[in-house]
Each structure stands twice: as C-alpha cells, then as structure tokens.
Amino acid sequence: MQKPEIKAAVESILKGKHIVLGITGGIAAYKSVTLLRLLVKAGAEVQVVITPAGKEFITPVTLSSLSGKPVVSEFFTANTGEWHSHVDLGLWADLMVIAPATASTIGKMANGIADNMLVTTYLSAKEHVMIAPAMDLDMMAHPSTVRNLATLESYGVEIIEPAAGELASHLMGKGRMEEPENIFSRIERFFMKQCDMLGKKVAITAGPTYEKLDPVRFIGNYSSGKMGFALAEECAARGAEVTLVCGPVSLQTANPNIHRIDVESAEEMLEASREPFANADMGIFAAAVADYRPESRAESKLKREGVEEMSLRLVKNPDIAATLASVKREGQLFVGFALETDNAHANALGKLRKKNLDMVVLNSLQDKGAGFGTDTNKVTILRKDGTERSFPLKSKREVAADIIAEILS
Ligand code: C5P
C-alpha cells in the first residue's frame, strides 16, 4: 500500500513541469491533441513547437487553445519580427517530446539539419528528449530510418517504439504512433524516475534577516537567498515536499511543491521554522542570520538633529540551527552552511559539532564566485563522520544537486 502523501505526490508528478511538445507532419498529428490535453490536465506547462508540415495536419489554433500558449513554428513572428529563442526554450524545458516524429524530422535530428524551429530546438536541448516515430511500414524499415534512429539512441534520445497495426496507407505493419495514453505514461515514468525524494519532507531557511532599528532602518547583510532557493527547487524537483522559510529576498519560487513562509527577523525565522523542522526528514540552514539585533526598536524614525554621536546596543539573536538541531529526532538529518573568511576548515568543523549538525557546507569568501549574491558557488562538504568532499565552482543549482546527492548518499 502506498502512503497517502506518496500517492498524492505521484498524482501531481507533472504539476508545473515544463514540456516542449514537438509536432511534425504526419497523420498521427491528430493524436497529439489528446497527448496535449492529458499533459495540460495533469498540470504540466506545455509549449508546442510545430514544423511547417505539421501545420498541414493540425492547426496552431487548436493547439494554442489547449496549451494556453501561442504555438511556435517559425524563427520569427512574421508581422512583428519577434525572434523565438530555441536556446531559451531548451533551458526552460524539463522534457522534450516529439510526437509524431516523421522520418524526415528523425533524419534531420540525426544529422543536425537545423532548417526549422523544431530541429533547432532539439539541437539546443539540454533536457531529456523522447520521440514517438510514426510513418509507413516501408519507411520505418528503410535502412536510413533504422540507422538514424540508432544514431539518435546513441545521442541519448528515448525512442517510443511505434506499434504494429493498420497504417494511414491501409497497409498493415509497424509504424503507427504509440497511443497518446501510453506516451503520457512514459512521460510520467520519466519524471517518477527523477523523484528520489518522493514522500520526503524538507525544511530550509534562506536569505538574510533584517533586524529593525526603527520603522525605516535595519541591520542586515548581503545574502541574496539564491543558494537556499536553489536547494528548495532541487528538492521539490526530486519530489520532496519543501517548506522554505526565507528572510527578505527578491526571488520567486517556481515549483508548486514549495511552501514558502516569508519572515523578516531572526526571531521570526526561528518561530516560523520550529514546526517545519520538527516535522522534516531533512533540514537545511542556508539563511545568513544576523547574529545580533538592536536591544530596542524605536517606534518612530530616529532623528539626527541634535545627535552628534549614536551608539547602538545589540543583543544576541537565537542560533536557529543550534536551537532546532538540539532537539533533532532519530532519523532526521540537518545540514548547515559556513561562510568563512579565514580558518575556514577548522571553523566549519567546530560548527558541525557545536550545532549538532550532520553536515556542513563550507564556502569561503576568498574563492572568486563563491558566497553572497553570486549565481555560482564553490563548496566543500564536511560530514560528521570526518569525511569531506570538495567540488569545483558550479552554478548554485548544480551545487544544490551535489549537496542533495551527498545527503541522500
Ligand atoms: O555560526 P555561523 O553563523 O557561521 O553558522 C552558520 C550556520 O548556522 C548556517 O547554517 C546558518 O544558517 C546557521 N545560523 C542560524 N542562526 C543563527 C546563526 C547561524 O541558523 N543565528
């Protein structure tokens, strides 16, 4: 029996997923409408890219009405000159599915003939690509098709084998595009395989905290929240249910499985974090929490007239990581960050022990491209068992994937 939270996660596996649906010029294009409907109904965002020949079989109006997005076909919009970026599409998509894929498109993909928007998008694609061939039985059996499919397979393209049956030519044989329901199941399975955190609960703190001096001023720091947000997106993409407690940041979350709680001060962050961290399988403290806050907060704006010098009395903030990790349950795994300027290694190890953490992610401000505000980071992960692993400079999303892989291992 599946646990209810896992069942719900499986049912919503396609929610918010970005899919490029490529349609080429074959009779089976009419079946792509059913596939598109199934994907949209399951909550996926679908961008249809159709070849010029595809438009002879199915109209862009039908497809854009169902997907809720203008269909992309040409490199430019004729009347406005607007350029459609295949590179951006490649970066946006989590998966590309070409159904139906004709012999012509398969040949172009295998040989890099980028004379239309769909093949260009394929050549820029960083995501996984699936194709559902559809053609007459003799075309399917032709050595050039067989060779092109083998080439595409060697490039990592997943081939959804066509079924045998009656073809558009009324001949019987292999070449019928797989049924849309079965293609849909393959898509679900693809996303399921990536979900190695299905049913797991993760709590994350991110961003800076602001400690108010008066209604218009605060003590803060340069944290952008990017590392914590990248971790939240990575965990959610792998099927986890994420609670992200964040200080003031100008970032948006993309995945609907991220429950975001916005706070301002360290004390608010601690209160908002108690329940999510108590219920989590994994807790990650990525926030740059202010160590001190003003002892008192002025109710109205502090004035400078007649004040030549001002001293601020600060009191210590709670250590959120140490507080929550001190009541860590059996089976819970808590990870902290250490941003150091000197004595990095010894300081990080000290934090790991003092705060009762299982892992500390160390980044040094001395490394170019690491730390606050950047889109990249360079980290060393130290574990409680004394082992450690250093990684090269990577994007924060890639660093997030490395950290999660370390946690899961
Ligand atoms: O002691 P230090 O601030 O360097 O420790 C960093 C780690 O502790 C980070 O994981 C940070 O999120 C967490 N921390 C916290 N509450 C504080 C200070 C740090 O959760 N008040």
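Reading the values: the criteria
- Residues numbered from 1 in each chain as written.
- Predicted model: local features only at pLDDT ≥ 70, side-chain atom pairs only at ≥ 80, totals over all residues.
- Heavy atoms only, no water.
- Pairing = 2+ DSSP bridges.
- Helix = DSSP H or I, 4+ residues; strand = E, 2+ residues; numbered from the N terminus.
- Contact = heavy atoms within 4.5 Å.
- Axes fitted to C-alpha atoms, helices over the stretch in contact; angles between N-to-C directions.
- Phe/Tyr/Trp six-rings, centres within 6.5 Å; stacked < 30°, edge-to-face > 60°.
- Buried < 20%, exposed > 50% of the residue type's maximum accessible area, 1.4 Å probe, protein only.
- Parallel < 35°, antiparallel > 145°, perpendicular 65-115°, else oblique.
- Left-handed = near helix turned anticlockwise from the far one by under 90°.
- Domains from an automatic or database assignment.
- Near = heavy atom within 4 Å.
- Polar contact = N/O pair within 3.5 Å; in protein donor to acceptor, adjacent residues only side chain to side chain.
- Areas by Shrake-Rupley, 256 points an atom, 1.4 Å probe, with all protein chains shown as cover.

1. Brief notes about the sheet that holds strand β1 (residues 18-23)
No. 1: Spatially, the five strands line up as an open sheet ordered β2-β1-β3-β4-β5, and their pairing is parallel. The strands lining the two open edges of the sheet, one partner per strand, are β2 (45-50) and β5 (158-159).
No. 2: Sheet analysis places strand β3 (residues 95-101) next to strand β4 (residues 128-133), joined by five bridges and oriented parallel. Bridging from a neighbouring strand, Val97 pairs with Met130 of β4.
No. 3: Sitting on the sheet, helix α5 (residues 103-111) touches β3 and β4, and the angle it makes with β4 is about 150°.

2. Let's talk about the packing of aromatic side chains
No. 1: Enumeration according to the criterion identifies five aromatic pairs in this entry.
No. 2: Look at Phe190 and Phe191: their rings are 4.9 Å apart centre to centre, the planes differ by 70°, and that puts the pair in the edge-to-face class. Residues Phe190 and Phe191 agree in their burial class; the two are buried.
No. 3: Geometrically, the ring pair formed by Phe277 and Phe334 is edge-to-face, given 5.9 Å between the ring centres and 85° between the ring planes. Linking Phe277 in helix α11 (residues 266-279) with Phe334 in strand β16 (residues 333-340), this pair joins segments that are 57 residues apart in sequence. Each member of the pair Phe277 and Phe334 is classed as buried.
No. 4: Each member of the aromatic cluster is reached from another via a ring pair, and the members are Phe277, Phe285 and Phe334.

3. Some remarks on the packing of helix α2 (residues 29-41) against helix α3 (residues 60-67)
No. 1: Orientation of α2 relative to α3, taken along the N-to-C sense of each, is 15°, at an axis distance of 9 Å. It follows that α2 is roughly parallel to α3 by the angle criterion. For α2 against α3, the interelement crossing comes out right-handed. Within the contact between the two elements, α2 uses Val33, Leu36, Arg37 and Val40 and α3 uses Thr62, Leu63, Leu66 and Ser67.

4. With respect to the domain arrangement of the chain
In many reports, interface size means the accessible area that the parts give up when they come together.
No. 1: Under the domain assignment used here, the chain contains domain 1 (4-193) and domain 2 (201-298 + 305-408).
No. 2: Taking only C-alpha atoms into account, the centre of domain 1 sits 41 Å from that of domain 2.

5. So, the site of the ligand
No. 1: Lining the immediate surroundings of the ligand are Phe285, Ala287, Val289, Asp291, Pro318, Asp319, Ile320, Ala321, Gly336, Phe337, Lys351 and Lys355.
No. 2: In the environment of the ligand, an oxygen atom lies 2.6 Å from a nitrogen or oxygen atom belonging to the backbone of Phe285.
No. 3: At 2.9 Å from a nitrogen atom of the ligand is found a main-chain nitrogen or oxygen belonging to Ile320.
No. 4: Considered on its own, the ligand offers 450 Å² of accessible surface; in the complex 85% of this is hidden by protein.
No. 5: Among the elements of the structure, α12 (320-325) and β16 are those that each provide at least two residues to the shell around the ligand.

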